[in-house]
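Residue-level structure breakdown
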Amino acid sequence: MLKRFTVSMEDSLLTDFDDFIQERHYQNRSEALRDLIRNKIIEKEWQADKDVMGVISLVYDHHHPKLQEKVTELQHDFHHQIVSTTHVHMDHNNCLEVIIVRGKAHQVQGLADNLRALRGVRSSSLSMGSTGENLH
Ligand code: NI
């Protein structure tokens, strides 16, 4: 059930907020505010090493010596944290791997850091999610 409350803020901050809402195509201020608050709660869960969910994405050159092997090996080391992995052959050289993870925040962060540190990984990102306890 949605509850209403009143928010007061300075003119200039509200103008910035409305610009932000337009840029991100939110339907209204309430929706934008809910999303910002959810993101802050997720951040807090990660900082407090709670049970979290997330998505790691990696782009790497599969010709790089042993890299494919190392990416697979690491995922086996963290198999309790991995929900699923999707591999996409982007072009002749590059692979995109998307890994859905869950577990204690520090474990998930550890896997992401280890993957990022492999030589030959061109880009990597971790998007933080939540198991959802506080979000509904
Ligand atoms: Ni591939």
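Residues numbered from 1 in each chain as written. Predicted model: local features only at pLDDT ≥ 70, side-chain atom pairs only at ≥ 80, totals over all residues. Heavy atoms only, no water.

1. Focus on the sheet that holds strand E3 (residues 94-104)
The 4 strands lie next to each other as E2-E3-E1-E4, forming an open sheet whose pairing is antiparallel. On the outer flanks of this sheet lie strand E2 (82-89) and strand E4 (121-130), each paired with one strand and no other. Here the strands of the sheet are splayed against their neighbours by 15° on average, with no regard to which way each runs. Relative to E4, strand E1 (residues 51-61) is paired through 9 bridges, and the arrangement is antiparallel. Residue pairing in the sheet places Gly54 in a bridge with Met128 of E4. Where helix H2 (residues 29-47) meets the sheet, it contacts E1 and E4, and its direction lies at approximately 105° from that of E4. (Pairing = 2+ DSSP bridges. Helix = DSSP H or I, 4+ residues; strand = E, 2+ residues; numbered from the N terminus. Axes fitted to C-alpha atoms, helices over the stretch in contact; angles between N-to-C directions. Contact = heavy atoms within 4.5 Å.)

2. Considerations on the side chain of Glu45
With respect to the secondary-structure elements, Glu45 resides in helix H2. As a buried residue without a salt bridge, Glu45 has its nearest oppositely charged side chain in Lys50, at a separation of 6.1 Å. Within the structure, Glu45 has its side chain in polar contact with the side chain of Ser130 (distance 2.7 Å). (Buried < 20%, exposed > 50% of the residue type's maximum accessible area, 1.4 Å probe, protein only. Lys, Arg positive; Asp, Glu negative; His and termini not counted. Salt bridge = Lys/Arg side-chain N within 4 Å of Asp/Glu carboxyl O. Polar contact = N/O pair within 3.5 Å; in protein donor to acceptor, adjacent residues only side chain to side chain.)

3. Quick look at the nonpolar core
One finds Ile56 and Leu115 to be the most contacted residues of the largest nonpolar core, which totals 22 residues. Elements with a contribution of two residues or more to this core: H2, E1, helix H3 (67-77), E3, helix H4 (105-117) and E4. Looking at this core, the element that brings in the most residues is H4, giving 5 residues. Beyond its immediate chain neighbours, meaning those up to four positions away, Leu115 contacts Ile56, Leu58, Val71, Leu74, Ile99 and Val121. In terms of nonpolar packing, the next biggest core, distinct from the first, is built from 5 residues, Phe20, Ile21, Tyr26 and Ala32 among them. (Core = buried A, V, L, I, M, F, W, Y, C linked by side-chain atoms within 4.5 Å.)

4. What to know about the domain arrangement of the protein
Structurally, the protein comprises domain 1 (11-47) and domain 2 (51-131). Between the C-alpha centres of domain 1 and domain 2 the distance comes to 29 Å. (Domains from an automatic or database assignment.)

5. What about H4?
Here H4 spans 18 Å end to end across 13 residues, near enough to the 18 Å set by a 1.5 Å rise per residue. What H4 keeps buried is the set Ala105, Val108, Gly110, Leu111, Ala112 and Leu115. At its buried positions, H4 is contacted by H2, E1, H3, E2, E3 and E4. (Expected span 1.5 Å × (residues − 1).)

6. With respect to the coordination of the nickel ion
Protein-derived coordination of the nickel ion comes from His87 (NE2), His89 (ND1) and Cys95 (SG), at a distance range of 2.1 to 2.4 Å. Here the donor residues of the nickel ion share one chain and are spaced in sequence as H-x1-H-x5-C. (Donors = N, O, S within 2.8 Å, 3.2 Å for Na, K, Ca; no water.)

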